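Geometric and topological summary
Below are the chains, spelled out letter by letter.
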Amino acid sequence: MNDEQIIDKNKKYWNDHADLWFGTTALPQYGVRFVTEDDLHLFGDVSGKRLLEICCGSGHSLKYHADRNAGELWGVDLSQKQLDNAKAYLAENGYQAKFLCSPMEAELDVPKEYFDYVYSIYGIGWTTDLQGTFDKIASYLKKDGIFIFSWHHTLHYCVAWSCEERRDLIEDDKLVFHKSYFDEEYFKMPVHDGEIVLCNRKISTYVNALAKAGFVIEQMVEQNDEAVMNAECTDDKSRKAKMLPISVCFKARKL
Ligand SMILES: C[S@@+](CC[C@H](N)C(=O)[O-])C[C@H]1O[C@@H](n2cnc3c(N)ncnc32)[C@H](O)[C@@H]1O
């Protein structure tokens, strides 16, 4: 599949299934079983600031910032259905944002060197062009502007967990590598009654692409939440989360 076909396939999935994801993976959550913005305070005070969310989904993270008096909110997503949901959700709460329906890989119709923050909660990993996307995000930010994003931790995909079909790989409480950490090839994954196409990038791929785009990394977080780390784990997912990061979060500053 070429990049255009991958984007089209993922767009179809999100247009068909947007309602199933309403309000999930949004701030203050950065990811499942992961420390939250309430613990991390990566954004700090956003009052009066200009924020652009990449892959804004149902708009719940935009509302999170609207509640904290953000000055200007913009959201980009390739799914019109997600944007319709986001627009309605913000309006119900007395807020508004500027929305753009576009793949993040495209040059977005937004002002350059304008935003104080660009961020994405479980969105960036969908890009078919990581370097191009980071370069464009850098161009939308002011100097010293902040880029924050979370995504699956690479190890999470490489190590078998509780999916029924991987049950064969989990034995005697051991987790098993079933995919190479170095494998960045795209793969298809059935979800609900649809299919998505993703790849699993190495952590160094993100770090090096950020550096090349002119960012300096201020923080990289690989920390599952305290409750999971301290709990007596009864399910496979939680046992896994005690042993490796499920998500990763980066905070970078544009030089
Ligand atoms: C896990 S959801 C993010 C949810 C979001 N954080 C929220 O608060 O609802 C991923 C989103 O990425 C969008 N997406 C997937 N591929 C994209 C692409 N190439 N460009 C822009 N958006 C994309 C999907 O439409 C979906 O809304």
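See the structure printed just above.
Every value quoted in this text rests on a predicted model; they were computed, and no experiment measured them.

1. Digging into the pairing of strand β6 (residues 187-191)
- Bridge analysis of β6 against strand β7 (residues 194-198) gives five bridges, and the strand direction is antiparallel. For Lys 188, the partnering residue across the bridge sits in β7 and is Val 197.
- Counting the residues that bridge the hairpin from β6 to β7 gives two residues, and of these His 192 lies at a positive phi of roughly 50°.

2. Quick look at the sheet that holds strand β5 (residues 141-152)
- Here we have seven strands laid out as an open sheet, ordered β3-β2-β1-β4-β5-β9-β8, and mixed in their pairing. Each edge of the open sheet is held by one strand with a lone partner, namely β3 (98-101) and β8 (215-221). Strand-to-strand, the axes of this sheet are offset by a mean angle of 15°, without reference to chain direction.
- Examined bridge by bridge, strand β4 (residues 115-121) and β5 share six bridges and lie parallel to one another. Residue Ile 121 lies in a different strand from β5, and its bridge partner there is Ser 150.

3. Some thoughts on the pairing of strand β1 (residues 50-54)
- The buried count for β1 comes to four of five residues, which makes it a mostly enclosed element.
- In this structure, β1 lies alongside strand β2 (residues 72-77), joined through five bridges in parallel fashion. The residue of β2 that forms the bridge with Leu 51 is Leu 73.
- As for the winding sense of the linkage, the β-α-β connection from β1 through helix α3 (residues 60-66) to β2 is right-handed.
- Alignment of β1 against β4, held across three bridges, turns out to be parallel. Its bridge partner lying in β4, Leu 52 is registered against Val 118.

Here is what the cut-offs are and how they apply
- Residues numbered from 1 in each chain as written.
- Predicted model: local features only at pLDDT ≥ 70, side-chain atom pairs only at ≥ 80, totals over all residues.
- Heavy atoms only, no water.
- Pairing = 2+ DSSP bridges.
- Helix = DSSP H or I, 4+ residues; strand = E, 2+ residues; numbered from the N terminus.
- Axes fitted to C-alpha atoms, helices over the stretch in contact; angles between N-to-C directions.
- Buried < 20%, exposed > 50% of the residue type's maximum accessible area, 1.4 Å probe, protein only.
- Right-handed = clockwise from strand over helix to strand, strands pointing away.

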